[in-house]
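# Geometric and topological summary
Here's the letter readout for the chains.
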Amino acid sequence: MLFFDLVGIFKDVKNQPNQEAKLGGTRATLFVYAMVGLENMAFIANAMSLVTYFYAYMNFSLTKSATTLTNLMGTAFLLSLFGGFICDTYLSRFRSAVLFGCIEVLGYVLLTVQAHFQQLRPIPCKDLAPAQMDQCKAADGGQAAILFTGLYLIAFGTGGVKAALPSLGADQFDERDPKEALKLSSFFNWLLFSITAGAIFGVTFVVWISANQGWDWGFGVSAIAVLMAILFLSMGKSNFRNNVPKGSPLVRILQVFVAAIRNRHFPVPDMAGELHEIHDKEAALQTEILQRTNQFKLLDHAAIISSTHEANALATSGSWNTCTVTQVEETKILVRMLPIILTTVFMNTCLAQLQTFTIQQSNTMDRNLLGFQVPGSSIPVIPLGFMFIMIPIYDRVFVPVARKFTGIPTGIRQLQRIGVGLVLSAISMAVAGVVETHRKSVAVKHNMVDSVDPLPMTVFWLGIQYAIFGMADMFTLVGLLDFFYAESSAGMKSLSTAISWCSLAFGYFLSSVMVEVVNKVSGGWLANNNLNRDKLNYFYWLLAGLSIVNFGAYLLCASWYRYKKVEIKQVNGGDAGKKVEM
């Protein structure tokens, strides 16, 4: 509690109207970028290297190591839904980021303690003599309990942080102000730039520490990095525009479905003005009125006013009998978003395969760079470096040029940007299959199929597929975050942003299922512990083909989607509002 008092977490700082103009803006987002970079330095470094830790130090099998990691990553991103719910319902985004960050620190501390004390983990099989191999046992019982408690504290913490920070940063810009709308369009690009910068330090500096100084040092540095991230964010508290939680978005959505069922027998009026809505002085703090759309008309029953008595009684939203048009449209937006998020899941399945199998491929190749042995877990620095260069070029060159032709603040629509990323993802998988075919041919040519020595083939061949996928990630991830933030209603910003992370979550979970299914159907393409005898290239080409099919489904969903239309109401003076199509 002393720490929270020092940084003022539990002190309410309410933004007065005359202070609002002085708050937020680019200066405030610098603190968000700092926390994003440091937190991701720790998280991504461990995401890249934990397969090695599970396999070499916890004595898990190669398959279990990969599955444990993908399940961890999937859970971490899925838990962002819970974090988003907390941000929108109970706590501000700032408080949520700090509290979930502290939970993440506890996870890293627990792993640090386990890695430091030998009695808390099994004896690594690689340290045993051939005669002692009967002692080679995987972590179980108390050892496994400590391991998984630490891992899932990290997952819980990072999930909440990832839900809170993008929305907290975006809140610092008013999308109704044309000048700030341009800065908001750049915010998500620079958010990814911060993630990339942190990840580069993570997969080089932190991974090197883990590989050379010990895993206890690696986990310890991760804990310190997240703690510093919390302190940096707390330093910017007085600069933030603070969101006011508007109640549970899940309850509001349930109210729409319940009210629509109850009013299903009443005819829906043709005129939107005959449906229930809160206007002008009744709106109080509500500053946006969502316009009625023609999709999902069954939900419009929720806004039917069934009697004069009910019309007089209704002053606010929140009824289980009748909802406002804005509340109904809020629900429609979420329903319209679901096909978009589902058609991006498969791309993240491909990402999960790259994160696991490419690391294993790198361990069979020549990792020498100017006399320095590059750790296999540091190979992702190739796409990260590529993204580090491309993001500023995209934001400072492409977007302004495209904006002149399209008139769109982001240069191109978010859905168009996501589509470009999906195409690049399919190309990356096809290239990965070609590179793997070449790697296997080198093994056959030099009679090294069953050899444990590195092949005479540089690991930087893997950089081709990684660089292409890095570009895909640059387009799709930022497009999703921007899309869900822009399209969601004011009371669902954090939850909607968290939904975009769920694409990663389901992608990781689907990854584990894909490997198992492909192994059974194909007769064992990936069944060996020897990649030189596996048919990983066939698996990559299968992913490329499925990615093309998935892109076709995405095109259908994107063409069907209708952007929201908002009527802005002036809370402090001014009777008229203006209509904006987002």
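Residues numbered from 1 in each chain as written. Predicted model: local features only at pLDDT ≥ 70, side-chain atom pairs only at ≥ 80, totals over all residues. Heavy atoms only, no water.

## Points about the overall build of the protein chain
In terms of helices and strands, the protein chain carries 18 helices and seven strands. Across the 582 residues of the protein chain, 57% fall into the buried class. A separation threshold of at least 6 residues defines the contact pool for the protein chain, and within that pool the share at least 24 residues apart is 81%. As displayed, the protein chain offers around 24,900 Å² of accessible surface, 65% of which is attributable to carbon and sulfur atoms. (Helix = DSSP H or I, 4+ residues; strand = E, 2+ residues; numbered from the N terminus. Buried < 20%, exposed > 50% of the residue type's maximum accessible area, 1.4 Å probe, protein only. Contact = heavy atoms within 4.5 Å. Areas by Shrake-Rupley, 256 points an atom, 1.4 Å probe, with all protein chains shown as cover.)

## Some points on the confidence of the model for the protein chain
Per-residue pLDDT for the protein chain has a mean of 81; in total, 86% of the residues score no lower than 70. No element of the protein chain has a lower mean pLDDT than helix H1 (residues 2–7), at 47, and none a higher one than helix H9 (residues 215–235), at 93. Here residues 1–7 is a poorly scored stretch, pLDDT under 50, and it has 13 contacts once near neighbours within four places are set aside; other chains count. Every residue in residues 12–18 is under pLDDT 50, and counting partners more than four places away or in other chains gives nine contacts. (pLDDT = per-residue confidence, 0-100.)

## Concerning a nonpolar patch on the surface
Together, Ile 224, Leu 227, Met 228, Leu 231, Phe 232 and Met 235 line one region of the surface with nonpolar side chains, adding up to about 520 Å² of accessible area. Tracing the backbone shows Met 235 in helix H9. Met 235 sits in the exposed class, given a relative accessible area of 54%. (Patch = residues over 30% accessible without salt bridge, like charges linked within 9 Å, V, L, I, M, F, W, Y side chains within 5 Å. Salt bridge = Lys/Arg side-chain N within 4 Å of Asp/Glu carboxyl O.)

## Structural notes on the packing of aromatic side chains
Working definition: an aromatic ring pair is given by the centre-to-centre distance plus the angle between the planes. Enumeration according to the criterion identifies 32 aromatic pairs in this entry. When the centroid spacing of 5.8 Å and the interplanar angle of 25° are considered together, the rings of Tyr 33 and Phe 187 count as stacked. With Tyr 33 in helix H3 (residues 25–56) and Phe 187 in helix H8 (residues 178–212), this residue pair connects regions lying 154 residues apart in the sequence. The same class applies to Tyr 33 and to Phe 187, which are both buried. Here the aromatic residues Tyr 53, Phe 54, Tyr 57, Phe 60, Phe 148, Tyr 152, Trp 215 and Phe 219 are joined through ring pairs into a cluster of three or more. If you follow Lys 162 out to its NZ or CZ, it ends over the ring of Phe 43, 4.4 Å from the centre. Sitting over the ring of Tyr 561, Arg 336 keeps its end group 5.7 Å from the ring centre. (Phe/Tyr/Trp six-rings, centres within 6.5 Å; stacked < 30°, edge-to-face > 60°. Lys NZ or Arg CZ within 6 Å of the ring centre and 35° of its normal.)

## Topic: unusual backbone geometry
The backbone of Asn 59 shows a phi angle near 60°, a positive value even though the residue is not glycine. Checked against the element boundaries, Asn 59 lands in the loop between H3 and helix H4 (62–78). By relative accessible area, Asn 59 is classed as buried at 12%. In this structure, Asn 447 takes a positive phi of about 55° despite not being glycine. Secondary-structure assignment places Asn 447 in the loop between helix H15 (414–445) and strand E5 (455–458).

## Overview of the packing of H4 against helix H13 (residues 345–362)
Interaxial distance between H4 and H13 falls to 10 Å at its minimum, and their mutual angle equals 145°. Classified by chirality, the crossing of H13 by H4 is right-handed. Contact with H4, carried on its side by Leu 62, Ala 66, Thr 70 and Met 73, involves Gln 355, Thr 356 and Gln 360 of H13 and no other residues of that element. Across the contact of H4 with H13, the residue classes break down as three nonpolar, four polar and no charged. (Axes fitted to C-alpha atoms, helices over the stretch in contact; angles between N-to-C directions. Left-handed = near helix turned anticlockwise from the far one by under 90°. Nonpolar A, V, L, I, M, F, W, Y, C, P; charged D, E, K, R; others polar.)

## Some details on the packing of helix H5 (residues 80–89) against helix H7 (residues 142–170)
The interhelical angle for the contact between H5 and H7, taken along N-to-C directions, is 55°, at an axis separation of 7 Å. On the basis of the axis angle, H5 is oblique to H7. The handedness of the crossing between H5 and H7 comes out as right-handed. Contacts between H5 and H7 involve Ser 80, Phe 82, Gly 83, Gly 84 and Cys 87 from the former and Phe 156, Gly 159, Gly 160, Ala 163 and Ala 164 from the latter. Grouping the amino acids of the contact of H5 with H7 by side-chain chemistry returns five nonpolar, five polar and no charged. (Parallel < 35°, antiparallel > 145°, perpendicular 65-115°, else oblique.)

## Considering H8
An ideal rise of 1.5 Å per residue puts 51 Å on 35 residues; H8 measures up with 51 Å between its terminal C-alpha atoms. Its maximal kink placed at Gly 202, H8 deviates by approximately 35°. Looking one or two places after H8, you find Gly 214, whose phi comes out positive at around 120°. (Expected span 1.5 Å × (residues − 1). Bend = angle between axes of the 7 residues up to and from the residue.)

## A word on the nonpolar core
Counting 133 residues, the largest nonpolar core has Tyr 53, Leu 165, Phe 188, Leu 233, Leu 415, Phe 483 and Phe 539 as the members making the most contacts within it. With 15 residues, H3 is the largest single contributor of residues to this core. Ignoring any residue separated from it by four or fewer positions in sequence, one finds Phe 539 in contact with Gln 353, Phe 357, Met 514, Val 515, Val 518, Trp 525 and Leu 526. In terms of nonpolar packing, the next biggest core, distinct from the first, is built from 11 residues, Val 256, Ala 259, Leu 299 and Ala 302 among them. (Core = buried A, V, L, I, M, F, W, Y, C linked by side-chain atoms within 4.5 Å.)

## So, the environment of Ile 253
Here Ile 253 shows up in helix H10 (residues 249–262). In this structure the C-alpha to C-alpha distance between Ile 253 and Thr 331, which are 78 residues apart in sequence, comes to 5.5 Å.

## Brief notes about the pattern of salt bridges
Within this structure, the stated rule accounts for eight salt bridges. Linking Lys 332 and Asp 300 is a salt bridge whose minimum nitrogen-to-oxygen distance equals 2.9 Å. In this pair, Lys 332 sits in helix H12 (residues 325–342) while Asp 300 sits in the loop between strand E1 (288–290) and helix H11 (308–313), placing the two residues 32 residues apart along the sequence. Owing to a relative accessible area of 3%, Asp 300 belongs among the buried residues under this scheme. Each of Asp 300, Glu 329 and Lys 332 takes part in salt bridges that share partners, so that together they form one network.

## A closer look at the environment of Lys 535
Along the chain, Lys 535 turns up in the loop between helix H17 (493–522) and helix H18 (536–560). Along the backbone, Lys 535 and Lys 440 are 95 residues apart, and their C-alpha atoms lie at a distance of 9.2 Å.

## A look at the side chain of Thr 29
Among the secondary structure elements, Thr 29 is positioned in helix H3. For Thr 29, a relative accessible area of 0% corresponds to the buried category.

## As for the side chain of Ser 167
Counting through the fold element by element, Ser 167 comes out in helix H7. The class for Ser 167 is buried, based on a relative accessible area of 0%.

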